[in-house]
Amino acid sequence: MKNKKVFTIATVGHSNKPIATFLDVLKKHKIEVLADVRTIPLSRFCPHFSQNALQDTLAKAHIKYLYRGKNLGGRGVNVGYEEAIDELVGLAKKGTRVAVMCSEGDYHDCHRYTTLTPSFEERKLTVEHIEYEKTNKIAKRNK
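For the structure given in this document, a descriptive report is provided here. (Residues numbered from 1 in each chain as written. Predicted model: local features only at pLDDT ≥ 70, side-chain atom pairs only at ≥ 80, totals over all residues. Heavy atoms only, no water.)

## Some thoughts on the overall build of the protein
Phase 1: Within the protein, the secondary structure is distributed over five helices and five strands.
Phase 2: Computed over the C-alpha atoms, the radius of gyration of the protein is 16 Å, within 12% of the 15 Å expected from 2.2 N^0.38 for a compact globule of 143 residues.
Phase 3: Based on the C-alpha atoms only, the size of the protein along its principal axes is roughly 65 × 40 × 30 Å.
Phase 4: Per-residue burial for the protein yields a buried fraction of 43% across its 143 residues. (Helix = DSSP H or I, 4+ residues; strand = E, 2+ residues; numbered from the N terminus. Rg over C-alpha atoms; globule rule 2.2 N^0.38 Å. Buried < 20%, exposed > 50% of the residue type's maximum accessible area, 1.4 Å probe, protein only.)

Right, dumping it as structure tokens:
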């Protein structure tokens, strides 16, 4: 019986994390290409995740940045949706470690899960949703 090759694509939300934490997660998962699928690639609260700043930071970390928010965004009308999905699937099937990024920290609340995951799974990819490690600290209230 032949072993079937399993191809994987990852998803990640930047949330409000420091850029160092975000980069550590990408490195831990050996991400080589980050596809930004935010319709509007800006962050008022975390300017290090705005498109230009993020692209520069990723380049220094040797991670390729692709902007695909006009194709795979969660708001408005996407153009070239199928072609953009096929592009990312093609990269994954060549063995490239690809992550699709949006801003929402919990993938359950994001179009990465509701819209993009089914499209990747239809094309026989396994989707890995990267989550940040939870802390075991208990918040204490002052009395």
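## A short note on the sheet that holds strand 3 (residues 64–67)
Phase 1: One open sheet holds the five strands; their spatial order is 3-2-4-1-5, and the pairing between them is parallel. Among the strands making up the open sheet, the edge pair consists of strand 3 and strand 5 (125–129). Averaged over all pairs of adjacent strands, the angle between strand axes in this sheet comes to 25°, irrespective of strand direction.
Phase 2: Note: strand 1 (residues 7–13) against strand 5, five bridges, orientation parallel. Paired with T11 across the bridge in strand 5 is H129.
Phase 3: This element, helix 2 (residues 51–60), spans strand 2 (33–36), strand 3 and strand 4 (98–102) of the sheet and lies at about 155° to strand 3.
Phase 4: Packing against the sheet, helix 5 (residues 111–122) makes contact with strand 1, strand 4 and strand 5, and its axis sits at approximately 155° to strand 5. (Pairing = 2+ DSSP bridges. Axes fitted to C-alpha atoms, helices over the stretch in contact; angles between N-to-C directions. Contact = heavy atoms within 4.5 Å.)

## Side note on the side chain of H14
Phase 1: Looking at the secondary structure, you find H14 in the loop between strand 1 and helix 1 (19–28).
Phase 2: H14 gets classed as buried once you look at its relative accessible area, which sits at 3%.
Phase 3: Contact partners of H14, with chain neighbours within four places excluded, come to F22, R38, F49, M101, C102, S103 and Y132.

## Let's talk about unusual backbone geometry
Phase 1: Although it is not a glycine, S15 sits at a positive phi angle of roughly 55°.
Phase 2: Counting through the fold element by element, S15 comes out in the loop between strand 1 and helix 1.
Phase 3: On the accessibility criterion, S15 (25% relative accessible area) is partly exposed.
Phase 4: Residue H62 is not a glycine yet carries a positive backbone phi of 65°.

## With respect to helix 1
Structurally, the α-helix is built with 3.6 residues per turn, so residues lying three or four positions apart point the same way.
Phase 1: Looking at helix 1, one finds that the buried residues are F22, L23, V25 and L26. Along the long axis of helix 1, the arc covered by the buried residues comes to 155°, so they all point the same way. Away from the buried face of helix 1 by more than 90 degrees, exposed residues D24, K27 and K28 are located.
Phase 2: Elements that come into contact with the buried residues of helix 1 comprise strand 1, strand 2, helix 2 and strand 4.
Phase 3: Taken from the residues just after helix 1, K30 is the one with a positive phi, measuring 55°. (Arc of directions from axis to C-beta.)

## Regarding the pattern of salt bridges
Close approach of charged atoms allows side chains of opposite charge to pair.
Phase 1: Enumeration over the complete set of coordinates arrives at five salt bridges.
Phase 2: We note a salt bridge from R123 to E82, for which the minimum N-O separation is 2.2 Å. With R123 in the loop between helix 5 and strand 5 and E82 in helix 4 (residues 81–93), the pair connects residues that are 41 residues apart, well separated along the chain.
Phase 3: Judged by its relative accessible area of 17%, R123 is buried.
Phase 4: A relative accessible area of 42% places E82 in the partly exposed class.
Phase 5: For R97, the salt bridge goes to E128, with nearest N and O atoms at 3.5 Å. Placement of R97 in the loop between helix 4 and strand 4 and of E128 in strand 5 is noted, with a sequence separation of 31 residues between them.
Phase 6: Here R97 falls in the partly exposed class, since its relative accessible area comes to 22%.
Phase 7: Linked through salt bridges whose partners overlap, the residues forming this network are E82, D86 and R123. (Salt bridge = Lys/Arg side-chain N within 4 Å of Asp/Glu carboxyl O.)

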